[in-house]
Amino acid sequence: GEDVEQSLFLSVREGDSSVINCTYTDSSSTYLYWYKQEPGAGLQLLTYIFSNMDMKQDQRLTVLLNKKDKHLSLRIADTQTGDSAIYFCAEQDSNTGKLIFGQGTTLQVKP
Amino acid sequence: KAGVTQTPRYLIKTRGQQVTLSCSPISGHRSVSWYQQTPGQGLQFLFEYFSETQRNKGNFPGRFSGRQFSNSRSEMNVSTLELGDSALYLCASSLIPTRRTLNGNEQFFGPGTRLTVL
């Protein structure tokens, strides 16, 4: 079945890099996504990567994809207190297109 | 361009009642998906509508239903509310049906409706 796993919590110091990891099961997923959710808010799409790519960089964000191991990571460079939020990894069901989300990783940034 | 709007933002109901939530997608977007977010189950797909037709449905009981209007606005209805229906209900809009992803389907989420069932 489809399943997306993430670690639940990450704490870093301001200015450090954060790496949030995710594993997924649907090898036929074409796109994988990272969303951010701040308290009381909906989901904000941060970035996504096509399954035939290994890496995608967008300003402070770097997404790495290891398709063989079905492992996805999000690296946030120079992490700021405003990056504190819950980060969700999601794979796209190849048949229906629906998003299948991980449990979310709470990122805590300490000043 | 205005984002996805959801109304109401907060709702309190009692068991057995029914509730209707509304979602207005981004102008020009024709696909609307609904998700339920709870601490225990996380984010789960409810259903997707495109051109007034339900395209996909998640694993939820028949008490959960929805519809889409000709202007792409969507409503979801939950009948005979149970305590476990307390959740944040998120709506997401996209330009095309989520299945037809050619360049990565960007689904834009609204702020959600927080439903509390007492």
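Above this text sits the structure in question.
Residues numbered from 1 in each chain as written. Chains lettered and ligands numbered in written order. Predicted model: local features only at pLDDT ≥ 70, side-chain atom pairs only at ≥ 80, totals over all residues. Heavy atoms only, no water.

S.K.: Help me out: how do you make sense of the overall build of chain A in this one?
M.R.: When its secondary structure is counted, chain A shows zero helices and 11 strands. The secondary structure elements of chain A, listed N-terminal to C-terminal, are β-β-β-β-β-β-β-β-β-β-β. Computed over the C-alpha atoms, the radius of gyration of chain A is 13 Å, within 12% of the 13 Å expected from 2.2 N^0.38 for a compact globule of 111 residues. When its C-alpha atoms are laid out on the principal axes, chain A stretches across 45 × 30 × 20 Å. Taken across its 111 residues, chain A has 47% of its residues classed as buried. The contacts in chain A between residues at least 6 apart in sequence include a share of 55% that link residues at least 24 apart. With the model as given, the accessible surface of chain A reaches about 5200 Å², and the carbon-plus-sulfur share is 48%. Treating the 10 positive side-chain charges of chain A as one cloud and the 14 negative ones as another, the clouds have centres 3 Å apart. (Helix = DSSP H or I, 4+ residues; strand = E, 2+ residues; numbered from the N terminus. Rg over C-alpha atoms; globule rule 2.2 N^0.38 Å. Buried < 20%, exposed > 50% of the residue type's maximum accessible area, 1.4 Å probe, protein only. Contact = heavy atoms within 4.5 Å. Areas by Shrake-Rupley, 256 points an atom, 1.4 Å probe, with all protein chains shown as cover. Lys, Arg positive; Asp, Glu negative; His and termini not counted. Charge placed at Lys NZ, Arg CZ, Asp CG, Glu CD.)

S.K.: Just checking my understanding: could you explain the pairing of strand β11 (residues 113-117) of chain B for this structure?
M.R.: Side chains on a regular strand alternate between the two faces of the sheet. Residues and elements named next belong to chain B. Here β11 shows a clear split, with T113, L115 and V117 buried on one side and none of R114 and T116 buried on the other. Note that strand β2 (residues 10-13) and β11 share four bridges and pair parallel. Pairing of K13 across the sheet is with V117, part of β11. Pairing of strand β9 (residues 87-94) with β11, which is carried by three bridges, proceeds in the antiparallel orientation. Its bridge partner being in β11, L88 is matched across the sheet by R114. (Pairing = 2+ DSSP bridges.)

S.K.: What exactly am I supposed to notice about the state of the cysteines here?
M.R.: Linking two cysteines covalently via their sulfur atoms produces the bond known as a disulfide. Residue and element names in this part refer to chain A. Going through the model one piece at a time under the given rule, you end up with two disulfides over all chains. Covalent S-S linkage joins C22 and C89, the inter-sulfur distance amounting to 1.9 Å. Linking C22 and C89, the disulfide has an S-S dihedral of approximately -50° and is accordingly described as left-handed. Linking C22 in strand β3 (residues 18-24) with C89 in strand β9 (residues 85-92), this pair joins segments that are 67 residues apart in sequence. (Disulfide = S-S within 2.5 Å.)

S.K.: I would appreciate a short explanation of the sheet that holds strand β8 (residues 74-78) of chain B in the present structure.
M.R.: What holds strands together in a sheet is hydrogen bonding between their backbones, with the strands either parallel or antiparallel. All names here are of chain B. Across the sheet, four strands lie side by side as β1-β3-β8-β7; this open sheet has antiparallel pairing. The open sheet terminates on both sides in strands that have one partner only, identified here as β1 (5-7) and β7 (64-68). Adjacent strand axes in the sheet meet at a mean angle of 20°, parallel and antiparallel pairs treated alike. The sheet contact formed by β7 and β8 spans five bridges and is antiparallel. Bridge pairing in β8 links Q68 to S74. (Axes fitted to C-alpha atoms, helices over the stretch in contact; angles between N-to-C directions.)

S.K.: Looking at this model, I keep getting lost on the interface of chain B and chain A. Mind explaining?
M.R.: It is common to give the size of an interface as the accessible area lost on bringing the parts into contact. With 21 residues of chain B in contact, the opposing surface of chain A contributes 19 residues. In this assembly, chain B packs against chain A so that about 1600 Å² is buried in total across both faces, 51% of it on carbon and sulfur atoms. In this assembly, chain B and chain A are joined by zero salt bridges. Remark: the boundary between chain B and chain A carries four residue pairs in polar contact (both at pLDDT 80 or more). (Buried area = accessible area lost by both parts, 1.4 Å probe. Salt bridge = Lys/Arg side-chain N within 4 Å of Asp/Glu carboxyl O. Polar contact = N/O pair within 3.5 Å; in protein donor to acceptor, adjacent residues only side chain to side chain.)

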